[in-house]
Each structure stands twice: as structure tokens, then as C-alpha cells.
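# Structure at a glance
Below are the chains, spelled out letter by letter.
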Amino acid sequence: MRTNLSVEEALELVLGEVRGDLEAEELPLREALGRVLAEDLASLVDHPDQDDTAIDGYACRQADTLGASPESPVRLRLIGEAPAGRPFPGRVGPGEAVAVYTGAPIPEGADAVVRVEDTRREGEGVLLFAPASPKDIRPKGDDLKRGEVYLRRGDLLTPGRLGLAAAMGHPRVRVFRRPRVGILSTGDEVVEPGEPLPFGGVYNSNAYSLLGLVLEAGGEPVLLGKVEDRPEALLERLEGAGPLDLLLTSGGVSMGAYDVVRRVLEERGEVVFWKVKQQPGGPLLLARLGGLPVLGLPGNPVSSMVTFFLYGRPFLFRLQERTDPPYASLWAKALTPFRGAKGKKVFRRGVLALGEEAVVRTTGNQSSGVLRSMAFGNALVVIPPDGEVREGERVEVIPLTFVP
Ligand code: AMP
Ligand code: MG
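The following paragraphs examine the structure supplied in this document. Residue positions are given per chain, counting from 1 as you read along its sequence in written order. The order in which chains are written sets their letters, starting at A; the order in which ligands are written sets their numbers, starting at 1. Where local features are concerned, this predicted model is filtered to residues with pLDDT of at least 70; where side-chain atom pairs are given and counted, the filter is 80 or more; whole-chain, interface and lining totals use all residues. Excluding hydrogens and water, the side-chain values take into account all heavy atoms of the structure.

## A short note on the environment of P243
Here P243 is to be found in the loop between helix 5 (231–239) and strand 18 (246–250). Judged by its relative accessible area of 59%, P243 is exposed. Through-space distance from the C-alpha of P243 to that of V181 is 9.2 Å; in sequence the pair is 62 residues apart. Strands are runs of DSSP state E lasting at least 2 residues, helices are runs of H or I lasting at least 4, and numbering of each runs from the N terminus. Working definition: with a 1.4 Å probe on protein chains only, accessible area under 20% of the residue-type maximum means buried, over 50% means exposed, and in between means partly exposed.

See the structure below:
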């Protein structure tokens, strides 16, 4: 077992536990939002499928319209119309025009369009107060070319990408199944909300904040409830957990006599590392139980969320082969000081505001037992080991993209 790792070393070991391909499943587009593509998607069509107009107006021959102006309009003979989806069957000859509407194919013979605002209908004809131009003609394949791959395995399906898949002609997509993530809370004092709280009890908040984080990372949470701090109880629950891709436990990984998670995993599994030089979340543990990777998250509500975000989320991204990074950082001006810690990388919770200049202030009480810092903070403020941030200094921040 390794111990006292840097954040970077710990992350590498966690990612090293990702193995095997997740199976894929086929879903109709309407069920695929937030899923990750397991296949490359090539366009089945050209879009537009022929040259079409980007505006409402009149298609004609540009040469007929040169010099048209409000003072000396050009008159063309109107020979028909082409709404979107109903191409004009004939041909545009010299001195002729066809009324066209956005998305309609450019009729044969025409090479330019004048916008409707620069025209006036007059009897069988139309007056042009400006020359027609080819700039509002969208060439065939301008948007999508048949056979070209626009979405790739590992791409998260966002609203725009669902639309793109549809635009390419795909009614269904192959996506990875969602990884199943067990969530088990440990602690004699932990009580489910809704039950009376005994003296010294604490409601099981970790199960729900972790459930949220797992869903947000594309996983399928499997709530395993809570177990007392007894090795037999813990083992029994783990054995009945069913198939999982990752197990999260919370609590029981510190130095105390009742910290049974570490002891059980040492005896029954294999502990890869314990303790990372970071705050909050220092007692984090990574183990294997059979073939199952286990992240032993510290019990404090902020610690369990921060460690899942820093390690569990990247694990799930890698497992789903996601092409986008699990988090990214930017720099902001600190509006309040942030304390660091000796020998530890520190992740304070802050409120980040983006404007002409990014600024970040503390959420207030930074104790790892105060969950409000994760409920209302929208960023982690990163302070390197032995560092310290004074008001006005620039600091690295990692946005928590799921908090507004
Ligand atoms: P532990 O890591 O087991 O030493 O727990 C550290 C702190 O987190 C203690 O104050 C626990 O009461 C609290 N805690 C542990 N598990 C949970 C949980 N599931 N929900 C909320 N708080 C918890
Ligand atoms: Mg405990």
C-alpha cells in the first residue's frame, strides 16, 4: 500500500483502475441526452442537399440586376415561387425571377438572390431596389457533407449534438451503458432523513450529494444505504451489492478505532493507497475488492464531495471514454484571502463570478463539516502546498459546473 501521495499521483492510480470496455446499447435520440457515444457518426446526407437560399427573396440572374437602386429600380417578371421543400420546377430565364423562401432550393438558371426587403411586388412583376447577390446562397453540403464524421465515440451528447445526430439522419445512436456506482455510507451515528435523530446522530447527507455527483457524471447510482461501524456488517452489505463498476464508501477511513472500512478492505481486498496530501479529503483510500475498484471517501460531507469530484468523476469519464476533460481550471482575482496548509494542496470553496475579469470570494466557513460551502460555492479554489492567497492576488479555480 502506498501512502501520503500527491494529488497528481493519486489521480494517476485511480485512473489506472479503469479497465475493460463498457458495453454499448442502442437508444432512440430522445433518450440519449447526457449519454456518451460508443460509435462514430457520419452524416447520411448532404445539408443542404442542393444549393439553397438562406433568406426570403427573389432568385434571378445577377447580371439582370446590376445597378438596381431605389432611384432606378430594375423590374423582373415573376414566373413562380419556391417555398421550402417545394422546388420550382422550371428554369429562370433572362429578366425573370422566382419568389424563394429560406431553405428553398435555388431554381435552375438563377445565380443570385435579392432579399425581400429590397423589393416591391408590382402586378405580374417585382421591382428590385438593390442588385441580387450570390452571398445568401448556401452551397450544397455547406453545413454537412455525406459520409463525413461529425460526432465521435466518446463525445457527450449535449442538446446541440442530439440535434446534429438528427440532422445527419440518425434516429438511434449507440451509447455506453451508464456505469453502476454503489454508494455506501458507514457510521453508527448516520441516520436516514425522515427518521428521528438520536442524540449525537447525523443525517445521511453523503448518500444524496454523492448520488447527485454520480448522476451528473453520467453514472447510475446504486444506493446501498448505511452500515454500522462493524466489519461483519460492512462485509455482508458489500457481498450483497450486486454488479458494480465502482464502489463509493463514505466514512471510516481515518485513524480512529471505529474506522472499519480501511481494515476490512485491507483484510478482504487490496488497498492501493491511503492518504493524499490534500485538504479536505486527506484520508482518501483506493482499494480493490475482487475486481471492483473502491474509493473510500472520508465521511465529512465536504470531503466526500470534493474527493469524488477530484477522483471519482475522472474515473467515470475515463470509463465512458469521454473526450472532454472532467474539469478544467481558470485564474481569477481573489476578493477575499484563502488559507493554505503546510505540505498539502488545498481546495477551498468559493463563489466565482465571470465578467470583464473573473473574481472569486470565499463561501465563508471552510470547515469540511459545513456542507453549505458545496451547496452554494460554485468553484474550488486551488492553493498549492505551503501556499497562501491574499486579497487581490490571482488564484487558480476549478468551476463546479453543476452549481449555478
Ligand atoms: P468519519 O470519516 O467516519 O470519521 O466521519 C467524519 C465526519 O463525517 C463525522 O462527523 C461523521 O459524523 C460525518 N459523517 C460520516 N458519514 C456521514 C454521512 N453519510 N452523512 C453526513 N455526515 C457523515
Ligand atoms: Mg465514521
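## Structural notes on the site of ligand 1
For this purpose, a residue is taken to be near a molecule or strand whenever a single non-hydrogen atom of the residue falls within 4 Å of it. Taken together, 16 residues lie around ligand 1, and E189, N204, N206, G252 and G299 are the ones closest in. Any pair of N or O atoms that falls within 3.5 Å is considered a polar contact. Within protein, one atom must be able to donate a hydrogen and the other to accept it, and sequence-neighbouring residues count only if both atoms are side-chain atoms. One of the backbone N or O atoms of G252 is found 3.0 Å from an oxygen atom in ligand 1. Interatomic distance of 2.9 Å between a backbone N/O atom of G299 and an oxygen atom of ligand 1. All accessible-area figures derive from a Shrake-Rupley calculation using a 1.4 Å probe, and residue coverage is judged against the displayed protein chains alone. For ligand 1, whose free accessible area comes to 480 Å², the fraction covered by protein is 77%. Of the pockets mapped on this structure, ligand 1 occupies the largest pocket. At the level of elements, strand 14 (180–186) and strand 16 (202–203) are the ones that each hand at least two residues to the shell around ligand 1. Asp, Glu, Lys and Arg are counted as charged, while Ala, Val, Leu, Ile, Met, Phe, Trp, Tyr, Cys and Pro are counted as nonpolar; the rest, among them Gly, fall into the polar class. Taken together, the residues that form the shell around ligand 1 break down as five nonpolar, ten polar and one charged. Think of a 1 Å grid over the protein atoms and nothing else: a 1.4 Å probe that fits but is trapped marks a cavity, an open set flanked by protein within 12 Å on at least five of seven lines marks a pocket, and residues with an atom within 4 Å of a point count as lining. Any molecule with more than half of its atoms within 2 Å of a cavity's or pocket's grid points is counted as sitting in it.

## Quick look at unusual backbone geometry
The omega angle of the peptide bond from H47 to P48 is -10 degrees, so this bond is cis rather than trans. Assignment of secondary structure puts P48 in the loop between strand 3 (41–42) and strand 4 (52–53). Note that the residue after Q279, namely P280, is joined by a cis bond; omega there is 0 degrees. Mapped onto the elements of the fold, P280 is located in the loop between strand 20 (278–279) and strand 21 (285–289). The backbone of E321 sits at a positive phi, close to 55 degrees, despite the residue not being glycine. Residue placement: E321 occurs in the loop between helix 7 (301–319) and strand 23 (330–334). Taking the relative accessible area as the measure of exposure, E321 reaches 29% and is therefore partly exposed. One non-glycine residue, D386, adopts positive backbone phi at about 65 degrees. Position of D386 among the secondary structure elements: in the loop between strand 26 (379–383) and strand 27 (394–399). Assessed through its relative accessible area of 54%, D386 is described here as exposed.

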